[in-house]
Every structure is written in structure tokens, then in C-alpha cells.
Amino acid sequence: MQPNNLIHLTAFMIALRKLDQPLPPDIQSQLNEVGKSLQADPNNIGNLDIIAEKYPPLDEYYQEALAEIESYTIYRNKGGEPDPLPTEPTKELTNAAINSFSSSNSVDTAKEVVKPTLLSKVVEVIIGRKTNG
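Below you will find a few notes about this structure. (Residues numbered from 1 in each chain as written. Predicted model: local features only at pLDDT ≥ 70, side-chain atom pairs only at ≥ 80, totals over all residues. Heavy atoms only, no water.)

**Here we look at the pattern of salt bridges**
Point 1. Overall, the coordinates contain two salt bridges when judged by the stated rule.
Point 2. Across the pair Lys-36 and Glu-33 runs a salt bridge whose closest N-O atoms are separated by 3.4 Å. You can see Lys-36 and its partner Glu-33 sitting in helix H2 (residues 25-40), three residues apart, about one turn around the helix.
Point 3. Residue Glu-33 is classed as partly exposed on the basis of its relative accessible area, which comes to 44%. (Salt bridge = Lys/Arg side-chain N within 4 Å of Asp/Glu carboxyl O. Helix = DSSP H or I, 4+ residues; strand = E, 2+ residues; numbered from the N terminus. Buried < 20%, exposed > 50% of the residue type's maximum accessible area, 1.4 Å probe, protein only.)

Structural data, given as C-alpha cells:
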């Protein structure tokens, strides 16, 4: 998985958990397709950014999460040569994304299966505070 894809998947999962309402049917359907793609190939996150853009409440949280993660990666790059960003998502994140995206209500499922501690752990991997393992 490209490092940027890991960042986008994490930001999308953070945003999904913050929503109070189920996704509109057309957005949910698109996310179900991404779930199928992820299940077939864990490196294929689809166009989560385009899906988020189509639903303003989701896009707002998604952009906030991206900005926060990217601010950490900018901080991470100050000083010496940083370690490369991880290229493999944790299996927990991949499984949580597949379960959430494949659900008929991705918002509720994300709130059930994606624990804040998982997202914090993945962000720490992205910003280089922990190793992926």
C-alpha cells in the first residue's frame, strides 16, 4: 500500500466514526464497492477522497483528519532523515475498513468495530512513533 493510501484510509475511518447519521444510499453503495475491492486486494482503497467529497458532512471530517495527520507527518520530517512511512496497514485497520465499508450502515459499523485506540495506534505508526507490528 502506498503511504498516502494508508493516511487516506485512516483519515476516512476517523471521519466515518464522527458522523451522526447513516450515509446516503448512493454513498453507501459506493463504499460497499470499495469494501469488495479491499477484500480482494488490501492495497486497493479505491477513491475514498472522491466519495468523501460527494457528502459534505463526511468530507468535512475527512479533511480535518487528513490535515491533522499531515501536520504530524510534517513535524515528523523536521530534523534528521525520517524513517520512511509504512507501506502496510495493520491487519486490524484493513479488517475494520472491510467490515465497515461492506456493511449496510458503515457509520454504525465503524463505530462498533473501529476503536479509537486502533486509530491512535495507526496514526502513531504513520508519524513514526511506533513500528507497525
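**A closer look at the environment of Lys-111**
Point 1. For Lys-111, the location among the structural elements is in helix H6 (residues 106-113).
Point 2. Once the C-alpha coordinates of Lys-111 and Leu-16 are considered, the two residues, 95 residues apart in sequence, prove to be 8.1 Å apart.
Point 3. Ignoring sequence-local partners within four residues, the contact set of Lys-111 consists of Arg-17, Leu-19 and Asp-20. (Contact = heavy atoms within 4.5 Å.)

Read these as geometric descriptors, not functional statements.
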